[in-house]
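# Per-entry structural report
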Amino acid sequence: MMYAKVIVDVTAGQTNKAFDYRIPEELIDLILPGMRVIVPFGPRKIQGFIWEITENTELDRVKPISEMLDPYPVLTNEMLQLGQWLAEETVCFLITALQSMIPSAIRAKPKKILKLSTEEQYLPASLQAVFAGKSSVDWNTIPNEKEIFSSIKQAVEKEEIEVDYLVKDKTKKKTIQSIRMNPQYRGVRFADILGNRAKKQIAVMEWFDTRYPDEKIPIKEVIDTLQTSKHTMQQLITKEMLFLEELEEYRDPYSDRFFEPDPRPELTGQQKHVLAPVRTAVDHNQDTTFLLRGVTGSGKTEIYLRAIEKVLEKGEEAIVLVPEISLTPQMVERFKGRFGSKVAVLHSALSAGEKYDEWRKIHRKEVQVAVGARSAVFAPFEKLGLIIIDEEHEGSYKQEDHPRYHARHIAIWRGSYHKCPVILGSATPSLESYARAKRGVYELLELKERVNNIAMPEVNIVDMRKELRKGNRSAFSELLLQKLKDRLDRNEQAVLFLNRRGYSTFVMCRNCGYTAECPHCEITLTYHHTQRKLKCHYCGYEEPMLTTCPACESEHIRFFGTGTQKVEEELTKLLPEARVIRMDVDTTSKKGSHEKLLQAFGNGEADILLGTQMIAKGLDFPRITLAGVLAADTMLHLPDFRASERTFQLLTQVSGRAGRDKLTGEVVIQTYTPDHYSIEHAKTHDYEAFSLEEMGHRKRSGYPPYYYLALVTIAHEDVVKVMQTAEKIASFLRSSFSPQTKVLGPTVSPIARIKDRYRYQCMIKYRNEPDLKSILNKIANRYQKEMATDKLFISIDMNPQMFM
Ligand code: ADP
Ligand code: ZN
Ligand code: ZN
């Protein structure tokens, strides 16, 4: 007998363990770890992943596997191990971790139905009412009553009805009809077989005979090339001289675009210097993590390309992660231009089907390079030689849903599994990564100058408090407006950047720039409209709303945040002759619109590109000579301890857009707090100085990289229930941890209610807490049932990036 341990698709009950099933005779040797199967589970049939094959089981009775879903494993052995580690690290279910590694299209959501196996009249009356003449019913339409469920259970046992799962591949593979010649007929005289008069058929066969043996040619192409008819082809197919085959066609989203071959420049001295250790690591299978810090325009991408070249020479494969918003055609072109069809692109704007296609190209070893956003880190390569994470500081590398993993963490795990290097690249590395590089955990590589000695742009800081005193209430300072006019006169381009609006509202004095901060946490207080109070979202501190500024007694104290649309209207009034393209969530929601707008700007169809953070990255247009930041403070005052770091990163990125080519660039940053260190250091492009100062703050207030954080969020429709549960959890945590570990809260989440559920959170600050994960796991298990039945929501986020 052969058995399989199966990880089943239920997220309630005893779930992190594998269940034993017998492998039916006909499936022995076919079933392999990593395949998906359908198994009976209680009265139902559900999906699961084969975890392990064994020759024995400790159980007396085991049910057989019902069905095999995949003809090949969708998860490699590496992925199974990675899944286990991921589940432990992020405190999530193993099944969730496994599911997250395969594309959504094959993660088919099964539809559950009840099927009649007998005549309806033999059923108990309650079930007859459920079926009411139909042979099957959707599980979801069955009344949620105990009595009905127990009669369902009995009927299932008596085999009067059965429960079925409709698991189907939602994504239909696109196929094209193609023709292949029957090899038996190669080199024969076709007239002998077909008769002299079948001229058309003879012509087709003779043409095929000149092609490669077994070559498959789309039927449309044959008909077009030979000017023949479908009828003629059909006759030959009937005679089995030609075979008609359905061939899979990939939906290549980039196929209609022609990629210019990318020129391969001579490396600069500093580039050579940086590349050497990376090439050595590739050659010697060293799992080093490199932190490549290079100012904007220093040629980091060229380093990536050369390192990949080396990997391909070795016959290995590479993954390149870029943040979703910089996965622009420009970026893709550089990789496709250099490596052509060896590249698969995994983009979130692809349809599920398109993603599935790209994934299968990797699975079938048809490509060697995968370029994509966060989830591309799971690209199922088996001979990985390098993983690159560009803009490694980006928050979007953290998945904000279970499993809450960070792509950097996964990349390093895979690097050590494959014995291959990882490159983390950025102009402004996260403080966590920089600290690790300083301690020698990562190897630091630096590119300090721009390629071709292009100067860093000059940065002007405008104090918006002074503008207000001068009576200028518009979103544009005099200086910025003047510089925009200059660009229009000189026929150059400008980008204007407006920070996204924070989810929460903060309060600022427009006269002196004062913002209210928590006395305990060094973060901005958030205004709660209903109670008219200012609150801290880390520790729960609160105070009444201000009406005058405590610093300068001005009454110009108000909420902050302006939309892009409003700014566009103002801009059109101030500069009616300017052609403006606005890019924000509203104008880019349609698929492909993001690309179109950028293309239009690149073609010079507009003078000013106005947008949210989606324009801060990856733009590389030679005619941009001015970058403006309308309100540097919006991000600075988010209730998040990383607010300063994010502001510095953003300002640096925006500055990086200007003057990348021959024309020198200029930057204007408007702010109410010109003396803030994140703004001062952005002015001088001084990452080193910024990080030093920021590290001081982190150390004083006990944040990463000095402390680790974990965030527990509790949500429910009933506010009392949320508060009680949150209190219980907090006191359980306090009693379980060592005294050095701090538990803050519970307190209201920055977004206090989502979808009618009230939200509270507890933050854990720790340095060394070996039992942390098992304690958090206890919470997850303790509330599992309530989460499944009572709409209670508990999320555990290790190393959180967002505090909303
Ligand atoms: P980064 O990724 O650091 O911002 P890029 O790799 O985009 O920088 O390089 C900036 C520009 O310099 C690009 O247009 C790129 O083609 C060009 N470039 C990079 N390396 C070289 C080189 N060695 N010689 C000439 N041009 C280069
Ligand atoms: Zn003030
Ligand atoms: Zn606080």
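As recorded by an unreviewed UniProt entry, the protein chain carries the name Replication restart protein PriA and is attributed to Alteribacillus bidgolensis. Listed under Function (unreviewed entry) in UniProt, the entry text for the protein chain is "Initiates the restart of stalled replication forks, which reloads the replicative helicase on sites other than the origin of replication. Recognizes and binds to abandoned replication forks and remodels them to uncover a helicase loading site. Promotes assembly of the primosome at these replication forks."

## Notes on the overall build of the protein chain
Helices and strands together make up the secondary structure of the protein chain, namely 25 helices and 33 strands. C-alpha atoms of the protein chain, sized along the principal axes, occupy 95 × 70 × 55 Å. Relative to its 804 residues, the protein chain shows a buried fraction of 54%. Here the contacts in the protein chain between residues at least 6 apart in sequence split such that 74% fall between residues at least 24 apart. Accessible area for the protein chain stands at about 37000 Å²; split by element, carbon and sulfur atoms hold 48% of it. Charged side chains of the protein chain number 113 positive and 109 negative; the gap between the two group centres comes to 1 Å.

## A short note on the coordination of the zinc ion (ligand 2)
At 2.2 to 2.3 Å from the zinc ion (ligand 2) lie its protein donor atoms, namely Cys-509 (SG), Cys-512 (SG), Cys-549 (SG) and Cys-552 (SG). Bound by 4 donor atoms, the zinc ion (ligand 2) shows angles of 105 to 112 degrees at the metal and therefore tetrahedral coordination geometry. Residue Cys-552 is classed as partly exposed on the basis of its relative accessible area of 29%.

## Regarding the site of ligand 1
Around ligand 1 lies a shell of 17 residues, among which Glu-266, Gln-271, Gly-297, Lys-300 and Arg-334 are the nearest. The contact in question runs from a nitrogen atom of ligand 1 to an N or O atom on the side chain of Gln-271, over 2.8 Å. The separation between an oxygen atom of ligand 1 and a polar main-chain atom of Ser-298 is 3.2 Å. Here ligand 1 loses 75% of its free accessible area of 560 Å² to cover by the protein chains. For the shell around ligand 1, the element with the highest residue contribution is helix H10 (residues 300-313), accounting for 3 residues. Among the residues making up the shell around ligand 1, the classes are represented as 4 nonpolar, 7 polar and 6 charged.

## Describing helix H14 (residues 431-438)
Three- or four-residue spacings in an α-helix give side chains the same orientation, since the helix completes a turn every 3.6 residues. Most of H14 is tucked away, with 6 of its 8 residues classed as buried. By the burial criterion, the buried members of H14 are Leu-431, Glu-432, Ser-433, Tyr-434, Ala-435 and Ala-437. Phi turns positive one or two residues past the end of H14, at Gly-440, with a value near 85 degrees.

## Section: the packing of aromatic side chains
For the structure on display, the rule yields 12 aromatic pairs. Residues Phe-378 and Tyr-405 carry aromatic rings whose centres are separated by 5.1 Å and whose planes lie at 70 degrees to one another, so their mutual orientation is edge-to-face. Taken as a pair, Phe-378 in the loop between strand E15 (369-372) and strand E16 (384-390) and Tyr-405 in the loop between E16 and helix H13 (407-418) lie far apart in primary sequence, 27 residues in all. Of the residues examined, Phe-378 reaches a relative accessible area of 2% and is grouped as buried.

## Thoughts on the sheet that holds E16
Read across the sheet, 7 strands follow the order E14-E15-E13-E16-E17-E12-E18 without closing on themselves; strand pairing throughout is parallel. Every interior strand has two partners, whereas the edge strands, strand E14 (343-346) and strand E18 (443-447), have only one. On average, adjacent strands in this sheet sit at an angle of 15 degrees to one another, irrespective of strand direction. Direction of pairing for E16 relative to strand E17 (residues 422-426): parallel, over a ladder of 4 bridges.

## A few points about the environment of Glu-317
On the secondary structure map, Glu-317 appears in strand E13 (residues 317-321). Classification of Glu-317 by relative accessible area gives buried; the value is 5%. When the C-alpha positions of Glu-317 and Ile-46 are compared, they lie 35 Å apart, and in sequence the two are 271 residues distant. In contact with Glu-317, not counting residues within four places along its chain, are Val-311, Gln-368, Phe-381, Glu-382, Lys-383, Leu-384, Gly-385 and Leu-386.

## Describing the side chain of Arg-408
Take Arg-408: it is sitting in helix H13. Residue classification places Arg-408 among the buried positions, given a relative accessible area of 11%. Within polar-contact distance, the side chain of Arg-408 engages the side chain of Glu-392 at 2.9 Å.

## Considering the nonpolar core
One finds Leu-75, Leu-98 and Leu-609 to be the most contacted residues of the largest nonpolar core, which totals 85 residues. Considering every element that reaches this core, the biggest residue donor is helix H1 (residues 77-90), with 6 residues. If we skip the residues at most four places from it in the chain, Leu-609 touches Ala-494, Val-495, Leu-496, Ile-581, Met-583, Leu-598, Phe-601, Ile-615 and Leu-619. Judged by nonpolar contacts, the second largest core, of 32 residues, contains Val-278, Ala-307, Ala-318 and Ile-423.

## Thoughts on the sheet that holds strand E5 (residues 67-68)
One open sheet holds the 5 strands; their spatial order is E2-E1-E4-E3-E5, and the pairing between them is antiparallel. Bordering the open sheet on either side are strand E2 (19-22) and E5, each of which pairs with just one other strand. Alignment of strand E3 (residues 36-41) against E5, held across 2 bridges, turns out to be antiparallel. Bridging across to E5, Val-37 finds its partner in Met-68.

## Let's talk about the UniProt feature "binding site: Zn(2+) 2" (unreviewed entry) in the protein chain
Mapped onto the present numbering, the UniProt feature "binding site: Zn(2+) 2" (unreviewed entry) falls at Cys-518, Cys-521, Cys-536 and Cys-539. Spatially, the listed residues are clustered: although they cover 22 residues, their C-alpha atoms lie within 8.7 Å of one another. Sequence-distant contacts of Cys-518, defined by excluding residues within four places in its chain, comprise Ile-523, Leu-525, Cys-536, Cys-539 and Tyr-541. Those residues within four positions of Cys-521 in sequence are excluded, and the remaining contacts are Cys-536, Tyr-538, Cys-539 and Tyr-703.

## Details of the environment of Tyr-417
Here Tyr-417 lies in helix H13. Considered as a pair, Tyr-417 and Glu-78 are 339 residues apart in the sequence and their alpha carbons are 7.9 Å apart.

## Section: the pattern of salt bridges
Evaluation of the coordinates by the stated rule reveals 36 salt bridges. Two residues, Glu-358 and Lys-361, come together in a salt bridge whose shortest N-O distance is 3.2 Å. With Glu-358 and Lys-361 both in helix H12 (residues 352-363), this residue pair falls 3 residues apart, about one helical turn. Lys-361 carries the same exposure label as Glu-358, and that label is buried. Put simply, Arg-487 and Glu-666 hold a salt bridge, and the shortest N to O gap is 2.7 Å. In this pair, Arg-487 sits in helix H16 (residues 478-490) while Glu-666 sits in strand E29 (residues 666-671), placing the two residues 179 residues apart along the sequence. For Arg-487, a relative accessible area of 3% gives the class buried.

## Section: the packing of helix H9 (residues 269-283) against H10
Where H9 meets H10, the closest approach of the two axes is 10 Å, and the angle between their N-to-C directions is 30 degrees. Accordingly, the angle class assigned to the pair H9 and H10 is roughly parallel. By crossing handedness, the relation of H9 to H10 is classed as right-handed. Taken together, the residues of H10 that come into contact with H9 (itself represented by Gln-271, Val-274, Leu-275, Val-278, Arg-279, Val-282 and Asp-283) are Glu-302, Ile-303, Arg-306, Ala-307, Lys-310, Val-311 and Glu-313. Its residues assigned to classes, the contact of H9 with H10 shows 7 nonpolar, 1 polar and 6 charged.

Scoring rules and cut-offs
- Residues numbered from 1 in each chain as written.
- Chains lettered and ligands numbered in written order.
- Predicted model: local features only at pLDDT ≥ 70, side-chain atom pairs only at ≥ 80, totals over all residues.
- Heavy atoms only, no water.
- UniProt positions renumbered as here; feature names shortened; annotations may be inferred.
- Helix = DSSP H or I, 4+ residues; strand = E, 2+ residues; numbered from the N terminus.
- Buried < 20%, exposed > 50% of the residue type's maximum accessible area, 1.4 Å probe, protein only.
- Contact = heavy atoms within 4.5 Å.
- Areas by Shrake-Rupley, 256 points an atom, 1.4 Å probe, with all protein chains shown as cover.
- Lys, Arg positive; Asp, Glu negative; His and termini not counted.
- Charge placed at Lys NZ, Arg CZ, Asp CG, Glu CD.
- Donors = N, O, S within 2.8 Å, 3.2 Å for Na, K, Ca; no water.
- Tetrahedral: all angles 85-135°; square planar, octahedral: opposite > 155°, others 65-115°.
- Near = heavy atom within 4 Å.
- Polar contact = N/O pair within 3.5 Å; in protein donor to acceptor, adjacent residues only side chain to side chain.
- Nonpolar A, V, L, I, M, F, W, Y, C, P; charged D, E, K, R; others polar.
- Phe/Tyr/Trp six-rings, centres within 6.5 Å; stacked < 30°, edge-to-face > 60°.
- Pairing = 2+ DSSP bridges.
- Axes fitted to C-alpha atoms, helices over the stretch in contact; angles between N-to-C directions.
- Core = buried A, V, L, I, M, F, W, Y, C linked by side-chain atoms within 4.5 Å.
- Salt bridge = Lys/Arg side-chain N within 4 Å of Asp/Glu carboxyl O.
- Parallel < 35°, antiparallel > 145°, perpendicular 65-115°, else oblique.
- Left-handed = near helix turned anticlockwise from the far one by under 90°.

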